[in-house]
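The lines below spell out each chain.
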Amino acid sequence: MSVANSIPFLDLVTPHLEMEQELTEVFRKALHSAGFIGGAMVEEFEASFAEFCGVDHAIAVSSGTDALRFALISCGILSGDVVVTVPHTFIATTEAISQAGALPEFVDIDERTYNMSVERLREYLEAQCTRNESGALISMRSNRRVTAVVPVHLYGQMADMDGILELAEEYGLAVIEDACQAHGAEYFSQRLNRWMKAGSMGRAAAFSFYPGKNLGACGEAGAAVTNDSKAAAKMRMLRDHGQAHKYHHDVEGYNGRLDAIQAGLLSAKLAYLPQWNAQRRERAAEYDRLLANNDAIVCPHEPSWSRSVYHLYVIRTEDRDEMMNHLKGSGIGTGIHYPIPLHMQKAYSWLHYSPGDFPVARRVAAEIVSLPMFPHLAADQQARVVDEVFNFTSRISHKAVESVEIPALLTQQSA
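Only a predicted model underlies this, so the values are computations on that prediction, with no experimental measurement involved.

1. Here we look at the overall build of the chain
Part 1 of the reasoning: Helix and strand content of the chain: 13 helices and 16 strands.
Part 2 of the reasoning: Here the C-alpha atoms of the chain give a radius of gyration of 23 Å, agreeing with the 22 Å that 2.2 N^0.38 yields for 415 residues.
Part 3 of the reasoning: The principal-axis extents of the C-alpha atoms in the chain amount to approximately 90 × 65 × 40 Å.
Part 4 of the reasoning: Within the span of the chain, comprising 415 residues, buried residues form 53% of the whole.
Part 5 of the reasoning: Restricting to contacts in the chain with at least 6 residues of sequence separation, those with at least 24 account for 71%.
Part 6 of the reasoning: When the accessible area of the chain is evaluated, it comes to approximately 18,800 Å², of which 51% is carbon and sulfur surface.
Part 7 of the reasoning: Measuring between centres, the 36 positive side-chain charges of the chain sit 3 Å from its 51 negative side-chain charges.

Quick look at the structure:
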């Protein structure tokens, strides 16, 4: 298969070439002003992104990991606290929890959406936690105070936030959204009777602008968003060495600032994000249509209360590795997000979870494969991806039939 006929898993070249003049102008502006850290371009992006998310404040930082860490700290999570999240996510989620001084504990995911299961969260709070003499919620697993929940809006789709927020209110927990893959995703809240944007429902939320995201910088970048003015002020201090004013350090902070050039590039791209998200939804709908009759795979499930932005289009198959090899041989790029649940990672062996503790996450991780998904994916490219998926599953199906028929034939001959 020649390079010209290959289909990449992700195309980052085309949109940047289309925007080359706009993006180059950002660099010229920075050169002429020498405004490389902070300043007008950062402030303009923060204002635009806050408006896009439907919140009062956006705090631009150096990465999505920093955004989540600063959000946790600013929302009052203390050293030694337990923060509940899911094992089916990128490790940055739990790195931020640990770096905030807290302990991650897990609940399993919903098998259809791959996001936090409200039922498993309820079971954790009811059966694995207790109240101490002062009324604080205590994890019986670690004997530590449970103070927060971090639902991850995975693959571009929001978690079932009404149920999570209801439990959080009942048990006195802060909810901090990991929205690093969900720029512009929406959720219909029955409680509020309206559509809500990712990042607008919890106490605070974190976004990543890693280049491959729906809204990606040309390097590392992130932002935290919130409606809480006090939390926003603290995050601004944390990202800048704890400075309330220059050389006045109210707290010990971090170097987590966003470069002005990256902010300018993000501002230029933000104008195109609604269009790009709409194109992703169109491509996802076409995948759904083309793959509808293939019983060998499971397509993404989008509930009626969700408007996903399809950061990834993730299918499931029992023959994941073989399918990926087949597609690779046909010049089609794929990915796995994520092959090993966090509770099974060597980095978290000290948490002493067993591999079977979260069976849904473990089963899903063994079957998922991400197909090519990006706004500029052409219809003929998508059709060829689906053709090769069908070619593979048909071949596997024939092999399965043969494996049943041959022993039966041998039995008849011996008789």
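Here the narrative resumes.
2. Looking at the packing of helix α6 (residues 118-127) against helix α7 (residues 161-171)
Packed helices, taken two at a time, are described by the angle their axes make and the gap between the axes.
Part 1 of the reasoning: Packing of α6 against α7 brings their axes to within 9 Å, and their N-to-C directions diverge by 15°. Classified by the interaxial angle, the pair formed by α6 and α7 is roughly parallel. The two elements α6 and α7 meet at a crossing, and its hand is right-handed. On α7, the residues that touch Val118, Leu121, Arg122, Leu125 and Glu126 of α6 are Gly163, Ile164, Leu167 and Tyr171.
Part 2 of the reasoning: Partitioning the contact of α6 with α7 into residue classes produces six nonpolar, one polar and two charged.

3. With respect to the nonpolar core
Part 1 of the reasoning: Ranked by internal contacts, the top residues of the largest apolar core, which has 81 residues, are Phe49, Leu121, Leu125 and Phe209.
Part 2 of the reasoning: Sorting elements by how many residues they give to this core places helix α3 (residues 40-53) first, with seven residues.
Part 3 of the reasoning: Residue contacts for phenylalanine 49: discarding those within four places in its chain leaves Ala58, Phe207, Phe209, Leu215, Ala223, Val225 and Leu270.

4. A look at the sheet that holds strand β3 (residues 103-106)
Part 1 of the reasoning: Spatially, the seven strands line up as an open sheet ordered β1-β11-β10-β7-β6-β2-β3, and their pairing is mixed. Both outer strands of the open sheet, β1 (57-61) and β3, are each paired with one neighbouring strand and no more. Averaged over neighbouring strand pairs, the angle between their axes works out to 25° when direction is ignored.
Part 2 of the reasoning: Bridge count for β1 against strand β11 (residues 222-226) is five bridges, and the pairing is antiparallel. Counterpart to valine 61 in the pairing with β11 is glycine 222.
Part 3 of the reasoning: Relative to strand β10 (residues 204-208), helix α4 (residues 64-74) is tilted by about 170°, and along the sheet it contacts β1, β2 (82-85), β7 (174-178), β10 and β11.

5. Notes on a nonpolar patch on the surface
Part 1 of the reasoning: A cluster of nonpolar residues, Phe27, Leu31, Phe36 and Ile37, forms a patch on the protein surface that exposes about 380 Å² of accessible area.
Part 2 of the reasoning: Within the element layout of this structure, phenylalanine 36 appears in the loop between α2 (20-33) and α3.

6. Description of the side chain of arginine 280
Part 1 of the reasoning: Following the sequence through the fold, arginine 280 ends up in helix α10 (residues 273-291).
Part 2 of the reasoning: Filtering out sequence-adjacent residues up to four positions away, arginine 280 remains in contact with Lys213, Asn214, Val309, Tyr310, His311, Met373, Phe374 and Pro375.

How each quantity is defined
- Residues numbered from 1 in each chain as written.
- Predicted model: local features only at pLDDT ≥ 70, side-chain atom pairs only at ≥ 80, totals over all residues.
- Heavy atoms only, no water.
- Helix = DSSP H or I, 4+ residues; strand = E, 2+ residues; numbered from the N terminus.
- Rg over C-alpha atoms; globule rule 2.2 N^0.38 Å.
- Buried < 20%, exposed > 50% of the residue type's maximum accessible area, 1.4 Å probe, protein only.
- Contact = heavy atoms within 4.5 Å.
- Areas by Shrake-Rupley, 256 points an atom, 1.4 Å probe, with all protein chains shown as cover.
- Lys, Arg positive; Asp, Glu negative; His and termini not counted.
- Charge placed at Lys NZ, Arg CZ, Asp CG, Glu CD.
- Axes fitted to C-alpha atoms, helices over the stretch in contact; angles between N-to-C directions.
- Parallel < 35°, antiparallel > 145°, perpendicular 65-115°, else oblique.
- Left-handed = near helix turned anticlockwise from the far one by under 90°.
- Nonpolar A, V, L, I, M, F, W, Y, C, P; charged D, E, K, R; others polar.
- Core = buried A, V, L, I, M, F, W, Y, C linked by side-chain atoms within 4.5 Å.
- Pairing = 2+ DSSP bridges.
- Patch = residues over 30% accessible without salt bridge, like charges linked within 9 Å, V, L, I, M, F, W, Y side chains within 5 Å.
- Salt bridge = Lys/Arg side-chain N within 4 Å of Asp/Glu carboxyl O.

In short, shape yes, function no, at least from these values alone.
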